[in-house]
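If you want the building blocks of each chain, they are given just below.
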Amino acid sequence: MFVSDNLKFEIQTKISFVVCLFLALLLLSPMLQAVEKLKLGQPATAKEIKGWDIDIRPDGKGLPVGRGNAIDGEDMFIQKCASCHGEFAEGAGRYPVLAGGLDSLDTHDPVKTVGSYWPYATTAFDYIRRAMPFGHAQSLSDDEVYAMTAYILYSNDLIEENFELNQNTLALVEMPNRNGFIKDDRPDVPMGEPCMKNCLSKKPVVIGKARQINVTPDEEVSSADASSSAVDAGRGEAVFAQCAACHSIDEGDNKFGPSLHALVGKKAGGVANFSNYSVAMRASNLVWSKDNLREFLSSPQQFMPGTSMPFGGVKDQAELNDLLEYLEISTTGN
Ligand code: HEC
Ligand code: HEC
């Protein structure tokens, strides 16, 4: 009686172990395939884009429909903003001063406020809607943001207390420092309209300056120093992220896949304490070289039918070369 119960239990445990393993693989392989094709996620919907697309331009483009004046805004400013910015926007403690400072910009002690420094009134709306009150960003309604903006502009003597700010009037408010900014004429700054598409006339050249001046850690220098900078072990390490769920490069550290320590020159299926090799791997009689690793890793099942490595392969040749470089260098057993 006791014995058979025990046996039953053992069988049950075995069965549930196999089921778990099966489920884990079932979950793992589509996940890996998805990662591999980089088709993660889904296209953003128009509504989602609208939620993010809240920037406002100097000419008022992007302003939402709404309204508010300084009288509307006073109570709320005192409630929600004054603890940091002062009741009259004069600043409290070390928090930013939002009003005053006019005519101070070219002194030794410039006071840069929304009123004295900012070139466009619309930026105040954009900034407040995006970021204030500090700690409760994006909690204000559009009307409230208009009213807060109005209160700050009013505190700077730029508008009357009953002047209504809305999507049409805000951009009309002229800021004192509107023309206080000069073009950046340093020689390395492109002049004219900024380029917005197809801006590169030729492929950028990677100069590897950090390596020349020897600030890159030693082991990487040896790999990439070879002026054939086309192959890059550093990038290979990033490619290895796809493998790291199952493989470690540390000696004796087997995960779902065997440790890849000292890989090149080692017999395939030869990690002594790894018990999950497929028959195909154990019987392959291969010694890993960069060449056969290239073939195996580009399409494991095709190169070695029957391998139990649940991985579709690295299809991008450049990525594969970088990966092989990384594997050769980082897994050499010394
Ligand atoms: C808890 C403190 C706090 C509260 C409350 C707060 N702010 Fe601020 N505010 C800050 C800090 C800190 C900054 C600077 C943030 C930075 O530079 O990243 C700032 C910056 C600003 C600026 C830009 C100032 C500049 O010259 O760069 C504006 C405008 C502003 N806040 C408006 C408001 C308004 C309107 C409210 C109320 C709805 C509000 N803040 C509530 C702390 C606060
Ligand atoms: C989902 C887990 C998984 C992923 C991801 C994976 N492997 Fe494997 N790998 C295995 C398993 C399991 C084996 C054993 C295969 C066999 O015995 O047929 C294996 C075997 C290998 C072997 C043979 C090792 C030996 O001891 O002979 C190499 C080399 C290898 N993998 C490299 C990689 C590289 C490089 C990547 C990433 C590009 C990768 N693997 C991705 C699970 C994985």
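Right above here is the structure, for reference.
This one's a predicted model, so the numbers in the text were calculated from it and none came from an experiment.

A.B. asks: So what exactly am I meant to see when it comes to the site of ligand 2 here?
C.D. replies: Close contacts around ligand 2 come from 28 residues, with Cys 243, Cys 246, Gly 257, Ser 278 and Met 281 the closest. Looking at the shell around ligand 2, the elements that each hand over two or more residues are α1 (2-37) and α10 (279-282). Here the shell around ligand 2 is composed, by residue class, of 19 nonpolar, nine polar and no charged.

A.B. asks: Sorry, what's going on with the site of ligand 1 here?
C.D. replies: With respect to spatial proximity, 18 residues lie near ligand 1, and among them Cys 81, Cys 84, Met 132, Pro 133 and Phe 134 are the closest. Secondary-structure elements contributing two or more residues to the shell around ligand 1 are α4 (82-85) and α5 (121-131). Of the residues contributing to the shell around ligand 1, the split by class is 13 nonpolar, four polar and one charged.

A.B. asks: Please explain the packing of α5 against helix α6 (residues 142-155) as it appears in this structure.
C.D. replies: Two quantities define a packed helix pair, namely the angle between the helix axes and the distance between the axes. Here α5 crosses α6 at 130°, and the two axes come no closer than 9 Å. Judged by the inter-axis angle, α5 sits oblique to α6. Like other packed secondary-structure pairs, α5 and α6 cross with a definite hand, here right-handed. Residues Ala 121, Ala 124, Phe 125, Ile 128 and Arg 129 of α5 lie in contact with α6, whose contacting residues are Val 145, Met 148, Thr 149, Ile 152 and Leu 153. Within the contact of α5 with α6, the residues separate by chemical class into eight nonpolar, one polar and one charged.

A.B. asks: Before we go on, may I ask you to explain the nonpolar core in this structure?
C.D. replies: Soluble globular proteins tend to bury their nonpolar side chains together. Ala 124, Phe 125, Met 148, Ala 150, Tyr 151 and Ile 152 are the most contacted members of the largest nonpolar core, which has 29 residues in total. Among the elements that make up this core, the one with the highest residue count is α6 (nine residues). When neighbours within four sequence positions are excluded, Phe 125 is seen to be in contact with Ile 56, Leu 63, Val 145, Thr 149 and Leu 170. With 16 residues, the next largest nonpolar core counts Ala 233, Val 239, Met 281 and Leu 323 among its residues.

A.B. asks: Please explain the packing of helix α3 (residues 70-80) against α6 as it appears in this structure.
C.D. replies: Contact geometry of α3 with α6 gives a least axis separation of 7 Å together with a crossing angle of 95°. Between α3 and α6, the angle falls in the class roughly perpendicular. On the side of α3, the interface is formed by Ala 70, Asp 72, Gly 73, Glu 74, Met 76 and Phe 77, while α6 contributes Glu 144, Ala 147, Met 148, Ala 150, Tyr 151 and Tyr 154.

A.B. asks: Explanation requested: the environment of Glu 74 in the structure shown.
C.D. replies: Structurally, Glu 74 is set in helix α3. The exposure class of Glu 74 is partly exposed, given the 18 C-beta atoms found within 10 Å. When the C-alpha atoms of Glu 74 and Ala 150 are compared, they prove to be 9.3 Å apart, with 76 residues separating the residues in sequence.

A.B. asks: Can you help me understand helix α11 (residues 290-298) in this one?
C.D. replies: For the α-helix, the turn length of 3.6 residues means that residues three or four positions removed from each other point alike. By the burial criterion, the buried members of α11 are Leu 293, Phe 296 and Leu 297. One face of α11 carries all of its buried residues, which in axial projection span an arc of 90°.

A.B. asks: How should unusual backbone geometry be read in this particular structure?
C.D. replies: In terms of backbone geometry, most residues other than glycine have negative phi values and most peptide bonds are trans. Residue Pro 133 is reached from Met 132 by a cis peptide bond, and omega for that bond is -5°. Here Pro 133 is to be found in the loop between α5 and α6. For Asn 198, which is not glycine, the phi torsion reads 45° and is therefore positive. A positive phi angle is found at Ala 262, which is not glycine, with a value near 50°. Along the chain, the position of Ala 262 falls in the loop between α9 (233-239) and α10. Exposure remark for Ala 262: the 15 C-beta atoms within 10 Å place this residue in the partly exposed category.

A.B. asks: Whenever I open this one, the environment of Asp 55 confuses me. Can you help?
C.D. replies: Its location among the elements puts Asp 55 in the loop between α2 (46-52) and β1 (67-68). A C-alpha to C-alpha distance of 9.8 Å links Asp 55 and Thr 122, two positions 67 residues apart in sequence.

Basis of the calculations
Residues numbered from 1 in each chain as written. Chains lettered and ligands numbered in written order. Predicted model: local features only at pLDDT ≥ 70, side-chain atom pairs only at ≥ 80, totals over all residues. Near = placed C-beta within 6 Å. Helix = DSSP H or I, 4+ residues; strand = E, 2+ residues; numbered from the N terminus. Nonpolar A, V, L, I, M, F, W, Y, C, P; charged D, E, K, R; others polar. Axes fitted to C-alpha atoms, helices over the stretch in contact; angles between N-to-C directions. Parallel < 35°, antiparallel > 145°, perpendicular 65-115°, else oblique. Left-handed = near helix turned anticlockwise from the far one by under 90°. Contact = placed C-beta atoms within 7 Å. Core = buried A, V, L, I, M, F, W, Y, C linked by C-beta atoms within 7 Å. Buried ≥ 20, exposed ≤ 12 C-beta atoms within 10 Å, placed from the backbone. Arc of directions from axis to C-beta.

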